[in-house]
Every structure is written in structure tokens, then in C-alpha cells.
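These are the residues of each chain, in order.
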Amino acid sequence: MRNTILAVLLFLFSPAILLAQFNVKEFGAKGDGQTMDTRSIQQAIDKAFESKGGVVIVPAGTFKIGTLILKDNVNLHLDAGALLLGSPDYRDYTEVVQKYESRTRDLYARYFMIFAEGAKNISITGSGTIHGNGLKNFQEVKPQNLRPYMIRLVSCHNVSLNGISLLEAANWTLHLLGCKDVNVSGIVIENEGEGNRDGLDIDGCQRVTVANSRFSTTDDAIVMKATSDTLCQDIAITNCTFRRIGGSALKTGTESNGGFKNITISNCVIKDIPVHAGIELMTVDGGIMQNILIENISMEDVATPFFIRLGIRARPFKSGQYVKEIEDVKDISLTNISAINAKLPSSIIGLHNNKIKNVTISNYTARYAYVQHADPYNKVSFQEFEYPAAAMFSKLPAYGIYCRSVDELHLQNVRIYTVENEKRPAITFDRINNLELFSVKAEVKQQDAPMLYIRNSKGITAAFCKTIGINNALFEMEGASNFNVHLSSNILQNGQKETRVAPALADHAVFEDFDTEIKYTVNSGAKIQGLTAHDLKNPLKIKLNSRKGALQLCLLSLNSTKKPQKVLVKYDGIIQEFLISWNEWGWAPISLLKEYQGNEKVEFEIVSVDPNANLKIAKIYLRYQDIGFTD
């Protein structure tokens, strides 16, 4: 065992001279930029593998390649001036048959410049470059899987990527799928062009560190995904810079079946993001998101500084699978973050029936350079089933931060600035339980605009808050919708009130903001929270017209007990279940395992698993779900 550990340490950290070396030119590689050198380089990799490990040296030159397969104990080392150039023709790449079940396997990924599955102790190092040839070629966005990935490593252990430059990928640049113990350091990723050309995708991985690297990408720069039911966890990202990013700089989601846990991001600089966010933390396919720490981030010219989102798209990651419950988003901390020249407000938006829990924003400064018209406070869309992105909420009634459906929200030492003619409050809170504000200060530009607007919330504590500029009131409380409010030691200026009351607004279309024409509404039963409810102790049988394609049955339901309860859906000899954990009306989205070819009458029976459970149902909608859409 001791000798094995020593050999691994020597392989990963010792100079190349201590290991067997295999120069690709000795295997016939030309490096002239014209000859296909795939076979020669692969022979060098195979020889190193057969020799129980070694360093495959790629010297200075341009080596045109298709697909290379990395193998155990092999270090692919690119000398200064070495360039691996991807062929412009996807037919020069080998279509790889992959074992790992993931949403990406069939939809996204068929061809690769560098691929490995199940390999251990592998590395790509040096100061050379891998070039995907994607800017001049592969500009047709669809089908995505005809654009080769640059590097895809699947189920690999003990992986190191150090010092290399990855340029102009035709598809995703570096995809780590189901890998463990990965170190990425000192790399450069730059790409342009249309379509999904992510930088680094960390997908269902464990124990990954990313440090001292630079990113400039067409799509997301670093995105953590969970395209299978495997949790993406124990990820550390530090000392990285991001500029000219077409997507988001740092992101979890959107594919999030397995969920995310134990992620730290620190000491990063983010610039020039015209559409999306500097930081997006999202889970929409059922998976958990917990224990996220982000600190010491500097942003400039970003559309949105941060976006935290819990949604219920609930898209399956493979055939025969569906999302059976919606797990929590909780324990998130953002501290020491500064943004200048921002466009859109940051936001934290949970589900109507499942709040995001325990979020802390501290030592946060944002300066805004744009003014927008706002939707009314009671007409902000829910969009719970939609593809998530900060830009989906473009007319929020706050210029700095908008928060809805959060339990335990803490803001401390927050400073927000805006430009002339801004009429919105700096921060709006809607459906917040246990809100703590300490030393929150923001600019106001209109006499009648409050600094903070609060509605439908309870357990509010605020101290040492102050406007930058003078208006009529520090806080505006809507109607009688807020409870248990404690204000103390806030700093008022001459003629300024601490609070004023705004007229109550009825919430608009809470459960109706997604498209479908196939609807059933319960018409008899007790009224609960304004809706007619059927008690699922007694089965509910209905017939709905199907449509062609993948369908999702959406049950507007609630659980009147504290214990989560399961609901069963039976149809065409199939039984599916979903866990209902909420005690307010909310949607349970169940992707049907059977696809129909057109308009057929389908009989559904819906009942609670436990005959003593107190499950209620008010509406049943059947909607088309685009499972072929690529994120």
C-alpha cells in the first residue's frame, strides 16, 4: 500500500524526468497542422499505459487530432508551443459508447477531443494549448451532439489539469462527470461562437478544487451540474478571474437532479456579463442545495450580481426516471461581495409552498447604473416550471434586491446605490418569515419611494438602517399583511417617518402562470385557503385528454399535517408517487413515465398512500414537458 501511494504521489507531483517519457513524435506524429496525428498520439498513450504509467510528451508544433482516450496513470504533457488542434470535421472523431447514465450522454455528448471513463491517476499538464477549432467551424448550434466536446472525463479518480490553455471549444470545454478527487489549477479557458460552449462543467463530482484560473466563455464559465441522481459536493473554487462571459460566471444548475452540497467560492473577480449573473445558485429538478459559502467576490459590469432560485421544472434525467420530491434549498452565505455598474436587481426566489431557508447576505455593496419600470408588487410572475435564469425576472419592483418566499433571511452591512430617476425601492420583501436587517443602507431618488417595501411577512427585526438621501419613509408596510415587527435604533433624517402603510394588494394569478389547455378543477369539497379541496383519503378519478410527447401531471395539493405524505398517481397500469411536504397550496409536478402519441383519453386515479393522511387536492393540470431541450 505504501509503495502504491508513493507511486501516485510521484506521478502527480514529481517532475517529468522521474517518470518514463513517451514523445509522440517517436510514434510518428508530424505536428505540421495538416496530418491527422490522432493515431500516433494514441499509440504513445497506450504505450505509457502498458508500461504502468508515464508522461506522454507533446513537443512544440501543431498536432491535428480527432479523439484521444486517456488511460490509467498517464500524464498528457503539452510543452510550450505545443498545440492540439481539433479537426473541423466531426467525422474525424470517434463516437464513444459511454456507461455512465446521465442526461448529457445521449442528448449532448457523442464526440470528444479527449475522453476517459473509469480512469485513475490521469493528468493533462504543461504550458501548451488545446484548440477546439470551434470559432471557424461547428457554428451550427443544433444538433448539439455533432459539435465535439473538448475534454470529457467520466467516473475518473485522481485527476489533475494544470497550466494548459483550452481555446475555442466547439461544445462544452471541460466536462467532469461523476469524477472524484480532481485538481484544476492555473488553466485558461477562452471560447467564442454561438451555442452551448461552457467553460468548466463540474457534474455530479466529489472533492474538486479549482484555483488560479482564467475564463472567457460564450456560455457559463464555471457551472456545477447534477445531470444524474448523483450529488455534486465538496467543491472549492478560488482565485479565479472571469471576463466577457456570455452566460453566468459561477453557477449551480440548471440541471439539478442530484443536487449540490458543500460548495465554497472565494477570491474571484468577475467582469463584463451583459445578460446573465455573476453568481447563480439554482436547483429546479428536485435536488437539494445546501451549505453554500461565497465570499470575497468583486464584480463590474454584470447584468445581475446574484440570483438564488428554487423551481419545480422537475425534468427527468433518463428514460424511466422521474422526480419524486422537491428537496430543500438552505444554508447559503454570501459575504464580502461588491458589484459596480449592475443592471438588474439581485433576487432570492423560492416556491410559494417551499421557501428557501437560511440565507445570509453580509458586507454587500452594489452600485446600479440602469433604471427600469417595475411590475406591481402583487403581479410578479411565479414561473416555477420554467428554465431558470436571473433574466427571467426583468421588471422586479426593487432596484437592488428582490426576495420572495424565504424563511430566515439575514442582511447585514448592506449598501446599495442607484442613479437618478429610479422610482423603485432598493429592496422588496414578499412572503418572508424571520427577516433580520442590521445596518442596511440604500439610496432613494424619489421622495415617495421607500427604501424597503415589505408584504406578507412575519418575524421582522430591523436595526441601524438608514436611507442614503431623504425620502418620506424608511419602511413601507403593505396593509395588514405583516406580523411581529420589531424596529429599533434605525436612523431617521429630518421629516422622515420610520414606517408608513401602503394599501393592501390582492395577489394575482398565483397558480396559473404556466401554459396548458388541459385542466381539471375540483368543484366540490371544503374550502381551504380559498380553494375547493378534495380529500385524498378518497381516491379522485378523472379523465384527461393527452397530447403527443412527454407530459407532466401537475397536482395543486397541500398536506395539513407536519409529516411528509406520499400521493399515488395510477394510470394505464402504471403507479407513480410524489412526496408532499408543504402545508400551503403548491404544485407537485410528476413527469409521466408513459408517452402518448396524440389525443387519447387517459384515466388517472389519485389517492394518498396513507389512508390516515390529510392530503388535499384542488387542481390537476397536464402540460407538455420539453425533455429534449439542452441546457
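Refer to the structure printed above.
Everything in this summary refers to the structure shown in the same document. As the structure is a prediction and not an experimental result, all values here were calculated from the model.

Here we look at the pattern of salt bridges
Line of reasoning, step 1. Applying the stated criterion to the full structure yields 32 salt bridges.
Line of reasoning, step 2. For E584, the salt bridge is made with K355, and the minimal N-O distance between the two is 3.6 Å. Note that E584 is positioned in the loop between β43 (574-580) and β44 (586-591) and K355 in the loop between β27 (346-349) and β28 (356-368), a separation of 229 residues in sequence.
Line of reasoning, step 3. Note on K355: relative accessible area 12%, which makes it buried.
Line of reasoning, step 4. Notably, a salt bridge pairs K619 with E512, separated by 3.6 Å at the nearest N-O pair. Taken together, the positions of K619 in strand β46 (residues 615-624) and E512 in the loop between β36 (497-502) and β37 (518-521) put the pair 107 residues apart, joining distant regions of the chain.

A short note on the pairing of strand β30 (residues 427-443)
Line of reasoning, step 1. Burial of β30 is extensive: 14 of the 17 residues sit out of reach of the surface.
Line of reasoning, step 2. With 13 bridges connecting them, strand β29 (residues 401-417) and β30 associate as parallel partners. Looking at β30, one finds that C403 is bridged to F429.
Line of reasoning, step 3. Relative to strand β31 (residues 452-455), β30 is paired through four bridges, and the arrangement is parallel. The residue bridging F429 from the neighbouring strand is I454, located in β31.

Comments concerning the sheet that holds strand β45 (residues 601-608)
Line of reasoning, step 1. The strand order across the open sheet built from four strands is β40-β45-β42-β43, with neighbouring strands paired in antiparallel fashion. The open sheet is flanked by β40 (540-545) and β43, the only strands paired with a single partner. Between one strand and the next, the sheet's axes are offset by a mean angle of 25°, whatever the strand orientation.
Line of reasoning, step 2. Bridge count for strand β42 (residues 565-571) against β43 is seven bridges, and the pairing is antiparallel. Looking at β43, one finds that K566 is bridged to L579.

Here's the deal with unusual backbone geometry
Line of reasoning, step 1. The omega torsion across K142 and P143 is 0°, close enough to zero to call that bond cis.
Line of reasoning, step 2. Relative to the elements of secondary structure, P143 occurs in the loop between β10 (129-131) and β11 (149-154).
Line of reasoning, step 3. Cis peptide bonds are those with omega within 30 degrees of zero, and the linkage from G253 to T254 qualifies with 5°.
Line of reasoning, step 4. If you check the backbone angles, N267 has positive phi at about 55° while not being a glycine.
Line of reasoning, step 5. By the element assignment, N267 lies in strand β24 (residues 260-283).
Line of reasoning, step 6. For D572, which is not a glycine, the phi torsion comes out positive at approximately 45°.

Rules used throughout
- Residues numbered from 1 in each chain as written.
- Predicted model: local features only at pLDDT ≥ 70, side-chain atom pairs only at ≥ 80, totals over all residues.
- Heavy atoms only, no water.
- Salt bridge = Lys/Arg side-chain N within 4 Å of Asp/Glu carboxyl O.
- Helix = DSSP H or I, 4+ residues; strand = E, 2+ residues; numbered from the N terminus.
- Buried < 20%, exposed > 50% of the residue type's maximum accessible area, 1.4 Å probe, protein only.
- Pairing = 2+ DSSP bridges.
- Axes fitted to C-alpha atoms, helices over the stretch in contact; angles between N-to-C directions.

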